[in-house]
Amino acid sequence: MEKKSSNFGKFMLLWGGELISSIGGGLTSFGLGVYVFDKTESAASMALITLLGFLPIFLFSVPAGVLADRYDRRVLMMIGDGFSAFGILYILICMMQGECAIWQIGVGVFISSTFQALLSPAYSATISDLLTKDEYSKASGLISIAGNSRYLISPMIAGFLLSFSDVKLLMIIDICTFFLTLASTFVVKKGITAKKTEVTDSFFESLRSGWKAVHDNKGVFVLILVSSAITLFMGMFQILAEPMVLAFSDAKTLGIMETVIASAMMISSIYLGVKGIKKHFVLTLSVTLAIAGVFIFGFGLWENIFLIAPFGFGFFLMLPFPNNCLEYLIRTNIPDELQGRAWGIIGFLSQIGYLLAYAVSGLLSDFLGETLGIGVGRGSALVIQVAGVLMIIISLVMLKLKSVRKLETPES
């Protein structure tokens, strides 16, 4: 019992560091998005920067997962967090020398994201090291708050700071947060013994065993493939919401709106952190995703902040529930010793949808806006509405899959 309390305390310290890091990263992400749109007035340009930030995480998540099972996970987290600051620093230096070109922003974002790729599998596997299965669901609510604080807290802060400063201030603050994150991870590292892993297989054999752990469980594999389709539609919404609003409003209003609607995640995440979800994970997953799809569709209906904000609020209110269910169903069906490499592969497969969304959504919205003569804002809104409808369809289909429903009672 004492061990559980101590481990949850270490988790909270680690969580606090990631919360601060996420807020700092959200400031930079918001500021660069506004900067790029102001320079180009193109949703495709904004999507390109997002794609370059996402691509390393997508490409390197699998090998990073293998590393998380072979080396000290806390050290990998410190390397990932610490060195990712250099990419942001590069963009900052370019801006201080004058106008920063889009390709320079892309290079900096890519560098930062490459090191961040080390972080995610190690962080997910460390949570499994620290917590018991009974604590997973409650911890998931807190993890959702930290991971989504870039939408919950950062936009309003960034929008306010941009009203009297520029994106350089946001990046300076972001760089400073890395030191606090490193400190919290270092303290946790000192307080927990790294598991001694006797490396008897090669890197590729480790990779193959991680793939086997994911692929051989049909329910887990189907769930990951379905989640990849869902992330496609969610990614379209996330990347196109900003150009849609910026087409008829300003950065300060956008920042306030994003914070207000994202505050819904705080309500859901606090509820999950206190209560958790104890049963009916598949049903909750399907229903909440379908409802989220309805809200996505409604978000694209009007060019009025007061009319679209309630739909955005509803979407973020639903979001922590499917995230919680997905994590629980997968985490409880993967052996502990394979968690690192499995989460790397899971991250790779489930985020294919985001890769496609970032690659095509901006181009598609620009094309529709020009072809239909409705502008980039309404072109973005049209793509968002289609994404909402498709999310509803896939969410309801998933409810019928027997292999997924079997994940409710994993084998001991």
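Worth saying up front: this structure is predicted, and the values here are computed from it rather than measured.

A. Up close: the environment of isoleucine 88. Tracing the backbone shows isoleucine 88 in helix H4 (residues 85–96). When its relative accessible area of 6% is taken as the criterion, isoleucine 88 is described as buried. Put simply, isoleucine 88 and isoleucine 105 are 17 residues apart on the chain and 8.7 Å apart in space, counted from C-alpha to C-alpha. Ignoring anything within four residues of it in the chain, the contact list for isoleucine 88 reads Thr28, Gly108, Ser112, Met171, Asp174 and Ile175.

B. How the structure looks around the packing of helix H13 (residues 281–299) against helix H14 (residues 305–318). Across the interface, H13 lies against H14 with an axial gap of 8 Å and an inter-helix angle of 160 degrees. With respect to each other, H13 and H14 are oriented roughly antiparallel. Considering how the two elements wind past one another, H13 and H14 form a crossing that is left-handed. Between H13 and H14, the contacting residues are Thr288, Ile291, Ala292, Phe295, Ile296, Gly298 and Phe299 on the first element and Ile308, Phe311, Gly312, Gly314, Phe315 and Met318 on the second. Counted by class, the contact of H13 with H14 contains 9 nonpolar, 4 polar and no charged residues.

C. Spotlight on a nonpolar patch on the surface. On the surface, Phe297, Leu301, Trp302, Leu307, Leu372, Ile374, Leu382, Val386, Val389, Leu390, Ile393 and Val397 cluster together into a nonpolar patch covering about 960 Å² of accessible area. Within the secondary structure, leucine 307 is located in helix H14. For leucine 307, a relative accessible area of 40% gives the class partly exposed.

D. The arrangement of the packing of aromatic side chains in detail. What the rule picks out here adds up to 13 aromatic pairs. The interplanar angle of 40 degrees and the centroid separation of 6.3 Å between the aromatic rings of tyrosine 271 and phenylalanine 321 together place this pair among those described as tilted. Taken together, the positions of tyrosine 271 in helix H12 (residues 251–274) and phenylalanine 321 in helix H15 (residues 320–331) put the pair 50 residues apart, joining distant regions of the chain. On the accessibility criterion, tyrosine 271 (44% relative accessible area) is partly exposed. Members of the aromatic cluster, joined through ring pairs, are Phe237, Phe299, Phe315 and Phe316.

E. Structural context of the nonpolar core. Membership of the largest hydrophobic core comes to 99 residues, with the highest contact counts inside it found for Met95, Ile105, Val214, Leu223, Met257 and Phe299. Here this core gets 18 residues from one element, more than from any other, and that element is helix H11 (residues 218–246). Once you skip the residues sitting within four places of it in the chain, isoleucine 105 turns out to touch Leu32, Tyr35, Val36, Ile49, Ile91, Met95 and Cys100. Core analysis: the next-biggest nonpolar cluster, separate from the first, contains 21 residues, Leu19, Ala64, Ala68 and Leu118 among them.

F. Broad picture of the pattern of salt bridges. Applying the stated rule across the entire model yields 1 salt bridge. A salt bridge links lysine 168 to aspartate 166; the shortest N-O distance between them is 2.7 Å. Looking at lysine 168, the relative accessible area reads 24%, which means it is partly exposed. On the accessibility criterion, aspartate 166 (33% relative accessible area) is partly exposed.

G. Up close: the confidence of the model for the protein. Per-residue confidence for the protein gives a mean pLDDT of 81, with 89% of residues at or over 70. Across the protein, the element-wise mean pLDDT spans from 71 in helix H10 (residues 203–215) up to 92 in H14. Here residues 1–5 scores under 50 on pLDDT; set against residues more than four positions off or in separate chains, the count is 2 contacts.

H. The side chain of serine 268, seen in detail. For serine 268, the position within the fold is in helix H12. Among all residues touching serine 268, those that are not within four sequence positions of it are Leu317, Pro320 and Phe321.

I. Geometry of the side chain of serine 154. Within the fold, serine 154 resides in helix H8 (residues 154–162). What makes serine 154 buried here is its relative accessible area of 0%. Apart from the residues lying within four places of it in its own chain, the contact partners of serine 154 are Ser22, Ile23, Gly26, Leu27 and Ser149.

J. Looking closely at the state of the cysteines. Applying the stated criterion across every chain, the model contains 0 disulfides. Free cysteine cysteine 94: the closest other cysteine sulfur is in cysteine 100, separated by 4.8 Å. On the basis of relative accessibility, which here comes to 8%, the residue cysteine 94 falls in the buried class.

Conventions adopted
Residues numbered from 1 in each chain as written. Predicted model: local features only at pLDDT ≥ 70, side-chain atom pairs only at ≥ 80, totals over all residues. Heavy atoms only, no water. Helix = DSSP H or I, 4+ residues; strand = E, 2+ residues; numbered from the N terminus. Buried < 20%, exposed > 50% of the residue type's maximum accessible area, 1.4 Å probe, protein only. Contact = heavy atoms within 4.5 Å. Axes fitted to C-alpha atoms, helices over the stretch in contact; angles between N-to-C directions. Parallel < 35°, antiparallel > 145°, perpendicular 65-115°, else oblique. Left-handed = near helix turned anticlockwise from the far one by under 90°. Nonpolar A, V, L, I, M, F, W, Y, C, P; charged D, E, K, R; others polar. Patch = residues over 30% accessible without salt bridge, like charges linked within 9 Å, V, L, I, M, F, W, Y side chains within 5 Å. Areas by Shrake-Rupley, 256 points an atom, 1.4 Å probe, with all protein chains shown as cover. Salt bridge = Lys/Arg side-chain N within 4 Å of Asp/Glu carboxyl O. Phe/Tyr/Trp six-rings, centres within 6.5 Å; stacked < 30°, edge-to-face > 60°. Core = buried A, V, L, I, M, F, W, Y, C linked by side-chain atoms within 4.5 Å. pLDDT = per-residue confidence, 0-100. Disulfide = S-S within 2.5 Å.

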